[in-house]
Amino acid sequence: MVTKEHFLELLAPAGDPESLRAAVAAGADAVYLGGKLFNARRSATNFDRDQLQAAVELLHLHKRKIYVTVNTLIQDSELSQALEYLAELYNLGVDAVIIQDLGLVKLARRYLPGLALHASTQMTVHNSEGALFLKNLGLKRIVLARELTRDEVAAIVNTAAIEVEVFLHGALCVCYSGQCLFSSMIGGRSGNRGRCAQPCRMEYRLIRDGRPLKTSGNYLLSPKDLALITLIPELDQAGVTALKIEGRMKGPEYVFSVVKTYRRALDDYYRAPGQFQVEPAVLRELETSFNRGFTTGYFGNNRNAALMSFNRPNNRGVFLGRVLKTDPEQDRVTLKLEADLESGDVVEIWVSRGGRGAVTVAEIYCNGRPVRSARAGMTVSLPVQERAYPGDRVFKVFSNQLEQQTREALARDNPALKLSCDVTVRGTAGQPLEVTYRDGTGHSGTATTDVCLGNAKNKPLTVDILKEHLGRLGNTPYYLQQLTMELAPGLMIPLSELNQVRRTALARLREQQLAPYQRQPVRLPSLALPQLPAGERRPGGKQGQPVLSVWVGDLESVKAAVRAGAALVYAGGDELTGFHWNEPQFREALAFTRAAGARLILAMPRINREAQRQLWLDYYRLITAVVPDGVMVSDLGLLHLVINDNWQSIFLNYPLNFYNSWALQAVAQPRIEQIAVSPELTLKQIAGLRPTVTETRLEAVVQGPVELMVSEYCPINSLITTEAPCPKTCRTGSFALRDRKNLDFPVYTDQFCRMHLLNSKDHCLYSELAKLIRSGLDVLRLELKIYPAEKVELITRTYQKALDSLTMGNLPE
């Protein structure tokens, strides 16, 4: 008997209806899936409206929950459609929506207060303050960043007192989710818009001072897959609400196998928490589905090389053993099995010379005799077409048994996809026949025939006849467990009446079971978006032209930017060049900028993890003690802290993903002086933002190497030195990742040893300055924090001179 009082919700993915049914059959407590609109897995099959309605009914009949992903950034022109979509999901009865866009959060809370919202991991919540900020916005649950350790998760749970969901199993992103611009900037396919092309799974070479280094593999940004099955007790102790399996792009075989394995493990844990352990066979079962190699990730306190799959970016399968000998004449290899094998499986040989080859196992020989299957420990030989050599590794990459198990699980007569019910039949001669189906939890559906029972002449109603007709439940969600007949002997009724009364009674049972989930429908015509008030431009440059802001990396560059005409200078935050700011340097920079009539804004780091709380709090106290002209914030947690902690002007950075007008409104308050919009917006989209912003300046990055990724993973430490503590090899030269087109993407590390991967080319909108001025932008940013003072001054002066010549009254057509 299960005795555990607190149950962790097992949350399964579904990319199509088959995977949904696989999740239910395997025992998921809840399923998350995407519709055809606004979801971060646009390449999955996903669900149309009818399929969504069917999914809601299936899960609610089984007393499971359904969460729908609306986890992309939304542009202004899509907001009305997105809100109508949320209303449709609410009317369908979904239990929650997983959401990323702050603007859509604002609208949902205003117009759909009864719709539960879960913060997507795309919102990059990695500290308690971030969770509190979203809690105050009305969100019910936070899906935390995958980079957090057990202690960090527990601290957020205890401080924020909000439902917390963490990833349990599946693919890991190498970048903080919601912070990756790699696919967008190099290929025009935005991960924030659901179209990630996964450039992180491509081959790269590590470059040091212009020369490639020899590494253990070429997939330098490809993490292993997460598998926290051994850490279920720690997940429970951390106080999380839900455990999420990644995999909406994978098929029903993966969903069924992984969910089934974790369901069994969780149930074992509930029965005897103190005796929980995971046998090697269970891990092999998970490997059978899909794996790039497994890791317990950051939750298990892993870093760098321990997270990565340098040799292979896709499924490596289950290790079967090494080739003991080959028989070229019969095209066979012999190996001692370390896992089970059967005919129909697909194996791949990692050939030491000449690449890899895959073969479907048609025959297995053991002691010279053909067998259908073989167990671990047996020595077998297999026919192969590819050349192999002794010592080569052999992996099973497809399991015929798993496919058969999944087909059986998806069969219509599988009891796991049905609900048991009992039926009672009552009646007397001259009265209608009454049929009642019950589900055992108090729900029932009753119907009576249109004609009355009569005395039978030759074929009276019997238990067998009633079972045959009232137990025909194949196309329904039910199966018949027991029939009770309360009829006098010798009665009859037309058999067609039995079929009709069965359908009516079952429909009423279904209605009663679904009644608790019904909602008063929201009327869509009432959801027309109101026009936001037009804002007045806060004074910027002369004649209304935008001013220049420059982000620099050291004290001399502050002075260079000011000399060249920058109105705003940003300093501090992520220290990428090895220059470390202290209070005297900040004060000197502030005095210099003010003397020149410019302003100095001091920045907090982009990522402020719970485990490093004291470090970034000390940094925060340092910059606020200087009393700068504003504080630059890049994450929701620091926004929450600054709003509630001091009186200084707040500048919001683009990693907060401001993509539409309502996102700007979601954080609007008098102390927020300036907001940097997403670098993924077009000039036309930016121009649409300007009239809706009241008393807040808008900024866009126009020059500099855009940060494509910020990651806790450091390829320099992983591939050059694995010493602890880190010897700071990153400060001994210049590093980059070189792709297949020989483009070099610079790699920098900050004071917290995080990797910042920059674009191979500088973002440059110099030729678009006239359009930028017309767009209504107030501030144009030069992102120059990695450049020396001389280059900072040259670029800043060049832009300032161009702006001076392009006054608002003298713009070219």
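Relevant structure appears above.
Quantities reported herein were computed from a predicted structural model and do not represent experimental measurements.

Engineer: Which parts of the structure should I look at to understand helix α5 (residues 128-136)?
Structural biologist: Listing the buried residues of α5 in full gives Ser-128, Glu-129, Gly-130, Ala-131, Phe-133 and Leu-134. The secondary structure elements touched by the buried residues of α5 are α4 (102-111), β5 (117-119), β6 (141-143), α6 (150-160), α16 (613-625) and α17 (636-645). Among the residues trailing α5, Gly-138 stands out with phi positive, at a value near 105 degrees.

Engineer: Teacher, can you tell me more about the side chain of Gln-513 here?
Structural biologist: Mapped onto the elements, Gln-513 comes out in helix α13 (residues 495-514). A polar side-chain atom of Gln-513 sits 2.9 Å from a polar atom in the side chain of Asp-439. There is a polar contact of 2.6 Å between the side chain of Gln-513 and the side chain of Tyr-478. When sequence neighbours within four positions are dropped, the list of residues in contact with Gln-513 reads Leu-61, Leu-419, Asp-439, His-443 and Tyr-478.

Engineer: Looking at this structure, I do not really get the sheet that holds strand β37 (residues 735-738). What am I missing?
Structural biologist: Strand pairing in a sheet is mediated by backbone hydrogen bonds. Such pairs are either parallel or antiparallel. Here we have 6 strands laid out as an open sheet, ordered β9-β8-β37-β38-β39-β36, and antiparallel in their pairing. At either margin of the open sheet sits one strand with a lone partner, and together these are β9 (211-212) and β36 (707-711). Note: strand β8 (residues 205-208) against β9, 2 bridges, orientation antiparallel. Bridge pairing in β9 places Arg-208 opposite Arg-211.

Engineer: Just checking my understanding: could you explain the pairing of strand β11 (residues 242-245) for this structure?
Structural biologist: Regular strands place side chains that alternate from one sheet face to the opposite one. Of the two faces of β11, the one carrying Ala-242 and Lys-244 and the one carrying Leu-243 and Ile-245 are both buried. In the sheet, strand β1 (residues 9-14) pairs with β11 via 3 bridges, with the strands oriented parallel. Within β11, the position partnered with Leu-10 by the bridge is Leu-243. Inspection of the sheet shows strand β7 (residues 163-170) paired to β11 by 4 bridges, in the parallel sense. Within β11, the position partnered with Phe-167 by the bridge is Lys-244.

Engineer: Explain the packing of helix α1 (residues 17-26) against helix α2 (residues 49-61) here, please?
Structural biologist: The N-to-C vectors of α1 and α2 enclose an angle of 5 degrees; their axes lie 11 Å apart at closest approach. One element, α1, and the other, α2, form an angle in the roughly parallel class. Between α1 and α2, the residues in contact are Pro-17, Leu-20, Arg-21 and Val-24 and Gln-51, Ala-55, Leu-58 and Leu-59, respectively. Counted by class, the contact of α1 with α2 contains 6 nonpolar, 1 polar and 1 charged residues.

Engineer: What should I look at first to understand the nonpolar core in this one?
Structural biologist: A general trend in soluble globular proteins is that nonpolar side chains are found buried together. Membership of the largest hydrophobic core comes to 166 residues, with the highest contact counts inside it found for Leu-33, Leu-134, Val-153, Tyr-262 and Leu-652. Top contributing element to this core by residue count: helix α9 (residues 252-271), with 10 residues. Within the second largest apolar cluster, 30 residues are counted, among which are Phe-182, Leu-220, Leu-307 and Tyr-654.

Engineer: Hey, could you run me through the pattern of salt bridges in this one?
Structural biologist: It is possible for side chains bearing opposite charge to pair when their charged atoms get close. Per the stated rule, a full pass over the model turns up 44 salt bridges. In this structure, the salt-bridge partner of Glu-246 is Lys-250, at a minimum N-O distance of 3.5 Å. Looking at Glu-246, the relative accessible area reads 8%, which means it is buried. The salt bridge involving Glu-793 is made with Arg-797; its shortest N-O contact spans 2.6 Å. Within this pair, Glu-793 and its partner Arg-797 are both found in helix α22 (residues 789-805), separated by 4 residues, close to a single helical turn.

Engineer: Please explain the environment of Thr-484 as it appears in this structure.
Structural biologist: If you trace the backbone, Thr-484 turns up in strand β27 (residues 478-487). Along the sequence, Thr-484 and Thr-436 sit 48 residues apart, while their C-alpha atoms lie 9.8 Å from each other. Residue contacts for Thr-484: discarding those within four places in its chain leaves Val-423, Thr-424 and Val-425.

Engineer: Before we go on, may I ask you to explain the packing of aromatic side chains in this structure?
Structural biologist: Both the distance between ring centres and the angle between the ring planes are used here to describe each pair of aromatic rings. Under the counting rule described, the total for this entry stands at 12 aromatic pairs. Judged by centre distance (4.6 Å) and plane angle (75 degrees), the rings of Phe-7 and Tyr-270 are edge-to-face. Residue Phe-7 is found in the segment before β1, and its partner Tyr-270 is found in helix α9; the two are separated by 263 residues along the sequence. For Phe-7, a relative accessible area of 42% gives the class partly exposed. Relative accessible area serves as the criterion here: at 1%, Tyr-270 is assigned to the buried category. Taken together, the ring pairs in this structure connect Phe-7, Tyr-269, Tyr-270 and Phe-276 into an aromatic cluster. Note that Arg-146 overlies the ring of Phe-167, its terminal NZ or CZ placed 4.0 Å from the centroid. Across the ring face of Tyr-254, the terminal group of Lys-250 is positioned such that the distance to the ring centre comes to 4.9 Å.

Engineer: What should I look at first to understand the sheet that holds strand β25 (residues 444-452) in this one?
Structural biologist: Pairing is mixed across the open sheet formed by 4 strands, whose spatial order is β25-β24-β23-β27. Both edges of this open sheet fall to β25 and β27, since each of them pairs with a single strand only. Neighbour to neighbour, the strand axes of the sheet diverge by 20 degrees on average, direction disregarded. Relative to strand β24 (residues 432-438), strand β23 (residues 419-427) runs antiparallel, the two sharing 5 bridges.

Engineer: Can you help me understand the side chain of Ser-19 in this one?
Structural biologist: Here Ser-19 is to be found in helix α1. Judged by its relative accessible area of 0%, Ser-19 falls in the buried class. When sequence neighbours within four positions are dropped, the list of residues in contact with Ser-19 reads Pro-13, Ala-14, Lys-250, Gly-251, Pro-252 and Val-255.

Engineer: Where do I start with unusual backbone geometry in this structure?
Structural biologist: Negative phi is the rule for most residues except glycine; trans is the rule for most peptide bonds. One non-glycine residue with positive phi stands out, namely Thr-124, at about 55 degrees. By the secondary structure assignment, Thr-124 is in the loop between β5 and α5. You will see that Asn-657, though not glycine, has its phi angle at about 60 degrees, which is positive. Of note, Asn-657 is situated in the loop between β33 (650-652) and α18 (661-666).

Parameters at a glance
Residues numbered from 1 in each chain as written. Predicted model: local features only at pLDDT ≥ 70, side-chain atom pairs only at ≥ 80, totals over all residues. Heavy atoms only, no water. Buried < 20%, exposed > 50% of the residue type's maximum accessible area, 1.4 Å probe, protein only. Helix = DSSP H or I, 4+ residues; strand = E, 2+ residues; numbered from the N terminus. Contact = heavy atoms within 4.5 Å. Polar contact = N/O pair within 3.5 Å; in protein donor to acceptor, adjacent residues only side chain to side chain. Pairing = 2+ DSSP bridges. Axes fitted to C-alpha atoms, helices over the stretch in contact; angles between N-to-C directions. Parallel < 35°, antiparallel > 145°, perpendicular 65-115°, else oblique. Nonpolar A, V, L, I, M, F, W, Y, C, P; charged D, E, K, R; others polar. Core = buried A, V, L, I, M, F, W, Y, C linked by side-chain atoms within 4.5 Å. Salt bridge = Lys/Arg side-chain N within 4 Å of Asp/Glu carboxyl O. Phe/Tyr/Trp six-rings, centres within 6.5 Å; stacked < 30°, edge-to-face > 60°. Lys NZ or Arg CZ within 6 Å of the ring centre and 35° of its normal.

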